[in-house]
Amino acid sequence: MNPFFPEDLVALAQRVIDENKALGRTVALAESCTGGLVCAALTEIPGSSAVLDRGFVTYSNEAKMEMLGVHSDIIDSFGAVSPATAWAMAQGAIKKSRADVAVAISGIAGPDGGSEMKPVGTVVFACARRDDDESIHAEQKLLQGGTRAEIRHQAAIVALELLLP
């Protein structure tokens, strides 16, 4: 048993490492509300260095802009928790890494920070591929959870699923 991570997170991280390693594919993460949780889960797996290129923890809007090149007008127009911002984060992670695939996560884990339009549990995800800058894969989900930890856990699961080939 892993003392740091729930079993479902470790099992999914193992699949991400194994399946991407088999394809010779590398990944990068751009994490906001998960604060590096997805990268940490991946690095629990022996052999993860063959798959995980890097992770960006861009919690503030300034970090999103400085580290990933997200334009301020996207954040100003749509908000940090929006499919547009997540897509820009994923694109930035591809551009600023050597990864084949990048996943971005931004959301409101709570207990504060929610609104009527974007309640606590609103999390956006985006996936970008180096060889395909045409197709946009970005989605907004409302994750159910009583606590900040539960929402972050669910967000990490969704992000890992997006990293599966």
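Everything that follows concerns the structure shown earlier in this document.
Report follows, based on the coordinates. Computed from a prediction, not measured in an experiment: that's the story for all the values here.

Remarks on the overall build of the chain
Each helix and strand in the chain was counted, giving six helices and five strands. Listing every helix and strand of the chain by position from the N terminus yields α-β-α-β-α-α-α-β-β-β-α. Taken over C-alpha atoms, the radius of gyration comes to 15 Å for the chain, in line with the 15 Å a tight globule of 165 residues would show. With the C-alpha coordinates of the chain rotated into their principal frame, the extents come out at 40 × 35 × 25 Å. Classification of the 165 residues of the chain by burial places 48% in the buried group. Contacts in the chain between residues far apart in sequence, at least 24 positions, make up 65% of those at least 6 positions apart. For the chain, the separation between the mean place of its 14 positive charges and that of its 21 negative charges on side chains is 4 Å.

Some remarks on the nonpolar core
By size, the foremost hydrophobic cluster in this structure holds 36 residues, and its most contacted members are Leu29, Leu42, Ile105, Leu160 and Leu163. Elements with a minimum of two residues in this core: helix H1 (7-23), strand S1 (27-31), helix H2 (37-43), strand S3 (101-107), strand S4 (122-129) and helix H6 (148-162). The biggest single contributor to this core is H6, with eight residues. Look past the residues within four positions of Leu163 in its chain and what remains in contact with it is Val16, Asn20, Arg25, Val27, Leu29, Leu42, Val101 and Val103.

Some details on the side chain of Ser48
For Ser48, the location among the structural elements is in the loop between H2 and strand S2 (52-57). A relative accessible area of 9% means that Ser48 is categorised as buried. The residues contacting Ser48, other than those within four sequence positions of it, are Ile17, Leu42 and Thr43.

A closer look at the environment of Ala99
With respect to the helices, strands and loops of the structure, Ala99 is situated in the loop between helix H5 (83-95) and S3. For Ala99, a relative accessible area of 0% corresponds to the buried category. Measuring from C-alpha to C-alpha, the distance between Ala99 and Ala128 comes to 10.0 Å, with 29 residues separating the pair along the chain. Those residues within four positions of Ala99 in sequence are excluded, and the remaining contacts are Thr26, Val27, Ala28, Asp53, Ile94 and Arg130.

Describing the pairing of S2
As judged from the five bridges shared by S1 and S2, these two strands associate in the parallel manner. If you follow Glu31 over to S2, its bridge partner there is Val57. In terms of handedness, the path from S1 via H2 over to S2 forms a crossover that is right-handed.

Looking at the sheet that holds S4
Taking strand neighbours across the sheet as the criterion, the five strands line up as S2-S1-S3-S4-S5 in an open arrangement whose pairing is mixed. A single partner strand is all that each edge strand has here, and the edge strands are S2 and strand S5 (132-142). For this sheet, the mean inter-axis angle between neighbouring strands, taken without regard to orientation, is 15°. Sitting on the sheet, H5 touches S1, S2, S3, S4 and S5, and the angle it makes with S4 is about 35°.

Reading guide: rules and limits
- Residues numbered from 1 in each chain as written.
- Predicted model: local features only at pLDDT ≥ 70, side-chain atom pairs only at ≥ 80, totals over all residues.
- Heavy atoms only, no water.
- Helix = DSSP H or I, 4+ residues; strand = E, 2+ residues; numbered from the N terminus.
- Rg over C-alpha atoms; globule rule 2.2 N^0.38 Å.
- Buried < 20%, exposed > 50% of the residue type's maximum accessible area, 1.4 Å probe, protein only.
- Contact = heavy atoms within 4.5 Å.
- Lys, Arg positive; Asp, Glu negative; His and termini not counted.
- Charge placed at Lys NZ, Arg CZ, Asp CG, Glu CD.
- Core = buried A, V, L, I, M, F, W, Y, C linked by side-chain atoms within 4.5 Å.
- Pairing = 2+ DSSP bridges.
- Right-handed = clockwise from strand over helix to strand, strands pointing away.
- Axes fitted to C-alpha atoms, helices over the stretch in contact; angles between N-to-C directions.

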